[in-house]
Amino acid sequence: MAFGPELRAARERAGLSREGLRRRILKSFEDSPTVSGIRDLENGIASEPTGRNREKYLNALPKLRIS
């Protein structure tokens with residue numbers, strides 16, 4: 001499955017808005033993907049996050065299941 005739909009599902013299971021996800025990432029990292037970057041991933045405009053951002057998403061959403 002694509003990263004974007006899984007990201008959206010994990011974010012929604014956690015009860016977070018896109019901005020909430022961004023803020024959660026900022027608690028552990030100095031920078032974060034933008035809200036529009038998160039939206040682009042979820043909507044399929046971008047297919048995969050960069051390796052650095054992938055790590056941030058996995059850290060912020062431990063229940064994120066990606067194949």
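Residues numbered from 1 in each chain as written. Predicted model: local features only at pLDDT ≥ 70, side-chain atom pairs only at ≥ 80, totals over all residues. Heavy atoms only, no water.

Undergrad: Whenever I open this one, the overall build of the protein chain confuses me. Can you help?
TA: Within the protein chain one finds four helices and zero strands. Mapped in sequence order, the helices and strands of the protein chain form the string α-α-α-α. A compact globule built from 67 residues should have a C-alpha radius of gyration of about 11 Å, and the protein chain, at 10 Å, falls within 12% of that. By principal-axis analysis of the C-alpha atoms, the protein chain measures approximately 30 × 20 × 20 Å. Per element, the accessible surface of the protein chain, about 4200 Å² overall, is 48% carbon and sulfur. Once the 14 positive and 9 negative side-chain charges of the protein chain are each reduced to a mean point, those two points are 5 Å apart. (Helix = DSSP H or I, 4+ residues; strand = E, 2+ residues; numbered from the N terminus. Rg over C-alpha atoms; globule rule 2.2 N^0.38 Å. Areas by Shrake-Rupley, 256 points an atom, 1.4 Å probe, with all protein chains shown as cover. Lys, Arg positive; Asp, Glu negative; His and termini not counted. Charge placed at Lys NZ, Arg CZ, Asp CG, Glu CD.)

Undergrad: For this particular structure, what's the right way to read the packing of helix α2 (residues 18–28) against helix α3 (residues 35–42)?
TA: Angle between the axes and distance between the axes are the two parameters that describe a pair of packed helices. Running from N to C, α2 and α3 point in directions that differ by 115°, and their axes come no closer than 9 Å. The way α2 lies across α3 gives a crossing that is right-handed. Taken together, the residues of α3 that come into contact with α2 (itself represented by R18, E19, L21 and R22) are V35, I38, R39 and E42. A breakdown of the residues in the contact of α2 with α3 according to their chemical character gives three nonpolar, no polar and five charged. (Axes fitted to C-alpha atoms, helices over the stretch in contact; angles between N-to-C directions. Left-handed = near helix turned anticlockwise from the far one by under 90°. Contact = heavy atoms within 4.5 Å. Nonpolar A, V, L, I, M, F, W, Y, C, P; charged D, E, K, R; others polar.)

Undergrad: How should the pattern of salt bridges be read in this particular structure?
TA: Where charged atoms of side chains with opposite charge meet at close range, the side chains can pair. If you walk through the whole model with that rule in mind, you get seven salt bridges. In this structure, E19 engages R23 in a salt bridge whose closest nitrogen and oxygen atoms are separated by 3.1 Å. A residue pair is termed a helical-turn pair when its members lie 3 or 4 positions apart in one helix, as E19 and R23 do in helix α2 at four residues. For E19, a relative accessible area of 28% gives the class partly exposed. Through salt bridges with shared partners, a single ionic network connects R8, R11, R18 and E42. (Salt bridge = Lys/Arg side-chain N within 4 Å of Asp/Glu carboxyl O. Buried < 20%, exposed > 50% of the residue type's maximum accessible area, 1.4 Å probe, protein only.)

Geometric values such as these leave the question of function open.
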